[in-house]
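Here is how the chains run, residue by residue.
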Protein chains: 2
Amino acid sequence: MESDLKFFEEALIEAKKAYDKNEVPVGCVIVVDDKIIARSHNQRETKKSALGHAEILAIEEACNKLGRWILDDATIYVTLEPCVMCAGAIFQARMKRVVFGAYEPKFGGLGSLINLNELEGINHKLEITSGVKAESVSNLMKEFFQKLRNK
Amino acid sequence: MESDLKFFEEALIEAKKAYDKNEVPVGCVIVVDDKIIARSHNQRETKKSALGHAEILAIEEACNKLGRWILDDATIYVTLEPCVMCAGAIFQARMKRVVFGAYEPKFGGLGSLINLNELEGINHKLEITSGVKAESVSNLMKEFFQKLRNK
């Protein structure tokens, strides 16, 4: 979609916030009716919580804001392929669409470790767009891990 | 383990709290060093959040209490097989062990829809015990959905 790039840039801005906090740089925004209703970035170390991923924090914010747990009119833009936990949360929220950048080979839940959307028996189907600005995302990740190693 | 039944009973007490709130009756406790450090029950409707599952709420509490996101000394006792989101969260927290009661055929992530623990490439392995008091759990679930239909 035409507006995908615009919203993806906002997810990248979130990812850079994580980078500046020395967190693995992943960011996301959730969009309903062409408006950003929630945004967040990875804060696992800052919050010292296994649930501190960008998508979980943004889904919590979106549910709070809308006062409902079904977000079937929402699109989530996230810089990195959601992990299995976050992909599971996206299914639990019955989201309409996921737009992500680079693949996450280790624990990615939408094509890498597994593709939940293709599982036989899954009771919800997501529209998925992948590879958006994948090079920018990969460069940001590489830069982060380089910085970490130099420490 | 000998203490499994004792802790599982506590998870069942949590499930009954959900039942009394007209929530799908799922409960859990998290145990470290033979002590319950977090407990919760499903509150998806009450909290109007897709993240309102028992396990997510308890993992959040456990991380907050211990001030760390790695819970590799923890066992989670949960009445129903964790869904893919919750199983993913258990992996993200690197938990040591999962003890659950009945299987959850629709979205269960530890044997039903999929078994994340058996995925090729998964970078963490859980010890899993299933089937604990499965009949009590199934009866509670059946009773709940019967109550729902009668409304």
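Below or above, wherever it landed, is the structure these notes cover. (Residues numbered from 1 in each chain as written. Chains lettered and ligands numbered in written order. Predicted model: local features only at pLDDT ≥ 70, side-chain atom pairs only at ≥ 80, totals over all residues. Heavy atoms only, no water.)

### Focus on the pattern of salt bridges
Residue and element names in this part refer to chain A.
Alright, step 1. Applying the stated rule across the entire model yields 16 salt bridges over all chains.
Alright, step 2. With a shortest N-O distance of 3.7 Å, Lys65 and Glu61 are connected by a salt bridge. Of the two residues, Lys65 and Glu61 are both situated in helix H3 (residues 54-66); the distance of four residues between them amounts to about one turn of the helix.
Alright, step 3. The exposure class assigned to Lys65 is exposed, which follows from its relative accessible area of 53%.
Alright, step 4. Via salt bridges that share partners, Glu10, Glu14, Lys17 and Arg39 belong to a single interconnected network. (Salt bridge = Lys/Arg side-chain N within 4 Å of Asp/Glu carboxyl O. Helix = DSSP H or I, 4+ residues; strand = E, 2+ residues; numbered from the N terminus. Buried < 20%, exposed > 50% of the residue type's maximum accessible area, 1.4 Å probe, protein only.)

### Points about the packing of H3(A) against helix H4 (residues 84-92) of chain A
Residue and element names in this part refer to chain A.
Alright, step 1. With their axes 9 Å apart at the nearest point, H3 and H4 run at an angle of 25° to one another. One way to sum up the angle between H3 and H4 is to call them roughly parallel. The element H3 and its partner H4 pack so that their crossing is left-handed. Here Glu55, Ile56 and Ile59 of H3 lie close against H4, whose contacting residues are Met85, Cys86, Ala89 and Ile90.
Alright, step 2. Classifying every residue of the contact of H3 with H4 gives six nonpolar, no polar and one charged. (Axes fitted to C-alpha atoms, helices over the stretch in contact; angles between N-to-C directions. Parallel < 35°, antiparallel > 145°, perpendicular 65-115°, else oblique. Left-handed = near helix turned anticlockwise from the far one by under 90°. Contact = heavy atoms within 4.5 Å. Nonpolar A, V, L, I, M, F, W, Y, C, P; charged D, E, K, R; others polar.)

### Things to note about the relation of the copies chain B and chain A
Alright, step 1. For the match of chain B to chain A, the screw axis carries a shift of 0.0 Å, the RMSD comes to 0.0 Å, and the turn is 180°. The operation mapping one copy onto its partner corresponds to a two-fold rotation axis. Proximity to the rotation axis, assessed at the C-alpha, singles out Met85(B) in chain B; its C-alpha lies 2.2 Å from the axis.
Alright, step 2. The share of interface residues of chain B whose copies in chain A are also at the interface is 100%, consistent with both copies meeting through the same surface. (Least-squares fit on C-alpha atoms with pLDDT ≥ 70 in both.)

### Looking at the nonpolar core
Alright, step 1. Ranked by internal contacts, the top residues of the largest apolar core, which has 112 residues, are Ile30(A), Ile59(A), Met95(A), Ile30(B), Ile59(B) and Met95(B).
Alright, step 2. Ignoring sequence-local partners within four residues, the contact set of Met95(A) consists of Ile30(A), Ile59(A), Leu71(A), Asp72(A), Ala74(A), Ile76(A), Ile90(A), His124(A) and Leu126(A). (Core = buried A, V, L, I, M, F, W, Y, C linked by side-chain atoms within 4.5 Å.)

### Examining the interface of chain B and chain A
Alright, step 1. The interface of chain B with chain A comprises 33 residues on the first partner and 33 residues on the second.
Alright, step 2. At the boundary of chain B with chain A, total buried surface from both sides reaches about 2700 Å², with 68% on carbon and sulfur atoms.
Alright, step 3. Contact with chain A buries surface across chain B, with Leu51(B), Trp69(B) and Gln92(B) losing the most and accounting together for 23% of the total.
Alright, step 4. The tally of links from chain B across to chain A stands at zero salt bridges. (Buried area = accessible area lost by both parts, 1.4 Å probe.)

### Quick look at the sheet that holds strand E3 (residues 74-80) of chain B
Residues and elements named next belong to chain B.
Alright, step 1. Spatially, E2-E1-E3-E4-E5 is the arrangement adopted by the five strands of the open sheet, whose pairing is mixed. A strand with exactly one partner marks an edge of an open sheet, and here the two such strands are strand E2 (35-41) and strand E5 (127-129). For this sheet the average axis-to-axis angle between neighbouring strands, irrespective of direction, equals 15°. (Pairing = 2+ DSSP bridges.)

### Some remarks on the packing of aromatic side chains
Alright, step 1. Applying the stated criterion to the full structure yields ten aromatic pairs over all chains.
Alright, step 2. Aromatic side chains Phe107(A) and Phe91(B) sit 6.3 Å apart centroid to centroid with 50° between the ring planes, which places their arrangement in the tilted category. Here Phe107(A), found in the loop between strand E4 (97-102) and strand E5 (127-129), pairs with Phe91(B), found in helix H4 (residues 84-92), and the two come from separate chains. Just as Phe107(A) is buried, Phe91(B) falls in that class too.
Alright, step 3. Taken together, a centroid distance of 5.2 Å and an interplanar angle of 80° make the contact between Phe144(A) and Phe145(A) edge-to-face.
Alright, step 4. For Phe144(A), a relative accessible area of 2% puts it in the buried group. (Phe/Tyr/Trp six-rings, centres within 6.5 Å; stacked < 30°, edge-to-face > 60°.)

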